[in-house]
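Observations on the three-dimensional arrangement
Residue-level listing of the chains:
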Amino acid sequence: ILLKYLMSDWESTLISPDATVLQAIEVMEKSSLQIAVVVGKERDLLGLVTDGDVRRALLQNLSLDSSVKSIMNRECITASINDNRETLTRLMNTDSLRHIPIVDEKNCITDLKLLHETTDPPRRDNWVVLMAGGQGQRLRPLTGDTPKPLLKVGSKPLLENIIENFRKYGLFNFIITLFYKAEMIEEYFGDGSKWGVNITYVREKNQLGTIGAISLLPELPTDPLIVMNGDLLTEVNFEKILDFHTDNKATGTMCVREFDYQIPYGVIEVEKQFLVSLKEKPVHSCFVNAGIYVLEPHILSLIPQDQYFDITQLFVKLLDLRKNVVVFPMHEYWIDIGKLDDYKRANVEYDQYFPKAKTE
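Think of each chain on its own: its residues are numbered from 1, step by step along the sequence as written. Selection of residues for local features in this predicted model requires a pLDDT of at least 70, selection of side-chain atom pairs for listing and counting requires 80 or more, and totals for whole chains, interfaces and linings are taken over all residues. Only hydrogens and water are removed before side-chain values are computed, so all heavy atoms of the structure are retained for them.

1. So, the sheet that holds strand S2 (residues 14-15)
Let me state the cut-off plainly: Between any two strands, pairing holds if DSSP finds at least two bridges. Strands are runs of DSSP state E lasting at least two residues, helices are runs of H or I lasting at least four, and both sets are numbered from the N terminus onward. Contact definition: two residues touch when any of their heavy atoms are within 4.5 Å. With axes taken as lines fitted to C-alpha atoms, and helix axes fitted only over the stretch in contact, angles between N-to-C directions fall between 0 and 180 degrees.
Strand order in the open sheet formed by three strands is S2-S3-S4, and the pairing between neighbours is mixed. Two strands in the sheet have a free side with no partner beyond their single neighbour: S2 and strand S4 (45-50). When S2 meets strand S3 (residues 35-39), the two strands line up parallel, connected through two bridges. Bridge pairing in S3 links Leu14 to Val37. The strands touched by helix H1 (residues 21-30) are S2, S3 and S4; relative to S3, the strand with the most contacts, the crossing angle is about 125 degrees.

2. A look at the sheet that holds strand S18 (residues 283-295)
Pairing is mixed in the open sheet, where seven strands are placed in the order S12-S11-S8-S13-S18-S15-S19. Strands at the two margins of the open sheet, each flanked by one partner only, are strand S12 (198-203) and strand S19 (325-330). Strand-to-strand twist of the sheet, defined as the mean angle between neighbouring strand axes without regard to direction, takes the value 30 degrees. In the sheet, strand S8 (residues 124-131) pairs with strand S11 (residues 171-178) via six bridges, with the strands oriented parallel. Bridged to Val129 within S11 is Ile175. The sheet contacts of helix H7 (residues 311-320) involve strand S15 (252-262), S18 and S19, and relative to S18 the element is tilted by about 90 degrees.

3. With respect to the pattern of salt bridges
Applied cut-off: A carboxyl oxygen of Asp or Glu within 4 Å of a side-chain nitrogen of Lys or Arg is what we treat as a salt bridge. We call a residue buried when its accessible area falls under 20% of the maximum for its residue type, exposed when it is over 50%, and partly exposed in between, using a 1.4 Å probe and counting protein chains only.
On inspection of all chains with the given rule, the structure shows ten salt bridges. Here Asp51 makes a salt bridge to Arg55, at a shortest N to O gap of 2.7 Å. Placement of the pair is Asp51 and Arg55 together in helix H2 (residues 51-59), with a separation of four residues, close to one helical turn. With a relative accessible area of 12%, Asp51 lands in the buried category. Overall, the relative accessible area of 4% leaves Arg55 in the buried class. Here Lys148 ties to Asp231 by a salt bridge, and the two come within 2.9 Å at their closest N and O atoms. In this pair, Lys148 is assigned in the loop between S8 and strand S9 (152-153) and Asp231 in the loop between strand S13 (225-229) and strand S14 (232-234), connecting sequence segments 83 residues apart. Residue Lys148 shares its accessibility class with Asp231, and that shared class is buried.

4. With respect to the nonpolar core
To be explicit about the condition: Side-chain atoms within 4.5 Å are what join buried Ala, Val, Leu, Ile, Met, Phe, Trp, Tyr and Cys residues into a set we call a nonpolar core.
Core analysis: the biggest nonpolar cluster contains 46 residues, and Leu130, Ile163, Phe166, Ile226, Phe238, Ile292 and Ile337 have the highest contact counts within it. If we ignore the near neighbours within four places in the chain, the residues touching Ile226 are Trp127, Val128, Val129, Phe166, Leu171, Phe238, Leu242, Ile292, Tyr293 and Val294. Membership of the second largest hydrophobic core comes to 23 residues, among which are Val227, Ile299, Leu300 and Phe309.

5. Remarks on helix H8 (residues 340-353)
Note the following rule: Residue count minus one, scaled by 1.5 Å, sets the expected span of a helix. Bend is the name given here to the angle between axes fitted to two runs of seven residues, the run ending at a residue and the run starting at it.
Look at H8: 20 Å from first C-alpha to last across 14 residues, which is about the 20 Å you get at 1.5 Å a residue. Of all the bends found along H8, the most pronounced is centred on Asn347 and spans about 30 degrees. Within H8, the full set of buried residues consists of Asp342, Tyr343, Ala346, Glu349 and Tyr350.

6. Topic: the environment of Ile71
Within the secondary structure, Ile71 is located in the loop between H2 and strand S5 (79-80). In this structure Ile71 comes out as buried when scored by relative accessible area, which is 12%. Counting along the chain gives 33 residues from Ile71 to Val38, while the straight-line C-alpha distance between them is 11 Å. Those residues within four positions of Ile71 in sequence are excluded, and the remaining contacts are Val21, Val49, Asp53, Val54, Ala57 and Leu62.

7. Looking at empty space enclosed by the protein
Put simply, the test is: Lining residues are defined by having an atom within 4 Å of a point belonging to a cavity or pocket. Those points lie on a 1 Å grid over the protein atoms alone, cavities being sets where a 1.4 Å probe fits but cannot get out and pockets being open sets with protein on both sides within 12 Å along at least five of seven lines. Grid points are joined across faces, edges and corners, and a volume is the space filled by probe spheres set on the points. Asp, Glu, Lys and Arg are counted as charged, while Ala, Val, Leu, Ile, Met, Phe, Trp, Tyr, Cys and Pro are counted as nonpolar; the rest, among them Gly, fall into the polar class.
One pass over the structure, following the stated rule, counts one cavity of 30 Å³ or more. Roughly 50 Å³ of internal volume is contained in the largest cavity. In terms of lining residues, the largest cavity is bounded by Asn161, Ile162, Asn165, Phe166, Met228, Leu232, Leu233, Thr234, Phe238 and Phe354. Listing elements by their share of the lining of the largest cavity, those giving two or more residues are helix H4 (158-167) and S14. For the lining of the largest cavity, the leading source of residues is H4, giving four residues. A class-by-class count of the residues in the lining of the largest cavity yields seven nonpolar, three polar and no charged.

Structure follows, in structure tokens:
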């Protein structure tokens, strides 16, 4: 076990109790520590906000404008400035902590320690299935000669960015489903050895919907598999998605995003002929499918062989069978590159959200 002392970054995690949940998310995303530390005026420790706290709040439909005090953990474990390295390591291992605040006798934070088990994430055997067979018709004329997965976002093809992002989280085994200009994608990526990963391909003779190509897999996996649309660019932590799936003993996990939409009219509430209320152009919020899933291997038999079949049909079947289906709320950067405007936006935002990729 390696205990790293981070002396410069931890102060960027400090936020006021008057901050909002949204501001806590921004603090976590900007800091490599992925935590927000709530402190008073004298840096007295009031609580911690973790990624899990935020996702639970999103599932409870808590507004991002709510006070961070409504989601913070007030009973956080701390260590003393007098504790040595061995004591800190033991504390963090015993309570499975990734972070531990160091406080003085007045409970004022003086440091934040982070425990890393290894320099690199553990290698996982899970398969990643990338659905990349679409024709990209809404991206014409760009996709006239080039399949969507090979369109460049930043300095690399979209699919290359996706594969490298998975690799950061210890995922090395890929199956790519293909239809449109399949040979170009196979020629570019080959067996994946250039990127230190394993890639195999499944070709659709006819387009089979958003998940029908899974029925063409040469064998069944033994571990939960991640299925993702091949036109997504996201910063989400895939380790957390897999752990969330396992911790909840789920049969299927669907990643979701919060989506706000404004009704362009005044909405009225009526009882009989009487006007009760009037709201001018109200904004409504809901969860939408984010195109990333984790599936247990045994449910793949529910997908009909070599037939058009959408992922929504599979999840409806799981609900009908009363299987344990859960949702993983995402707050990280995410964009579905389906239209020309989305593609332009992804290229504009790329350096902002993927700075490391810029310098590689």
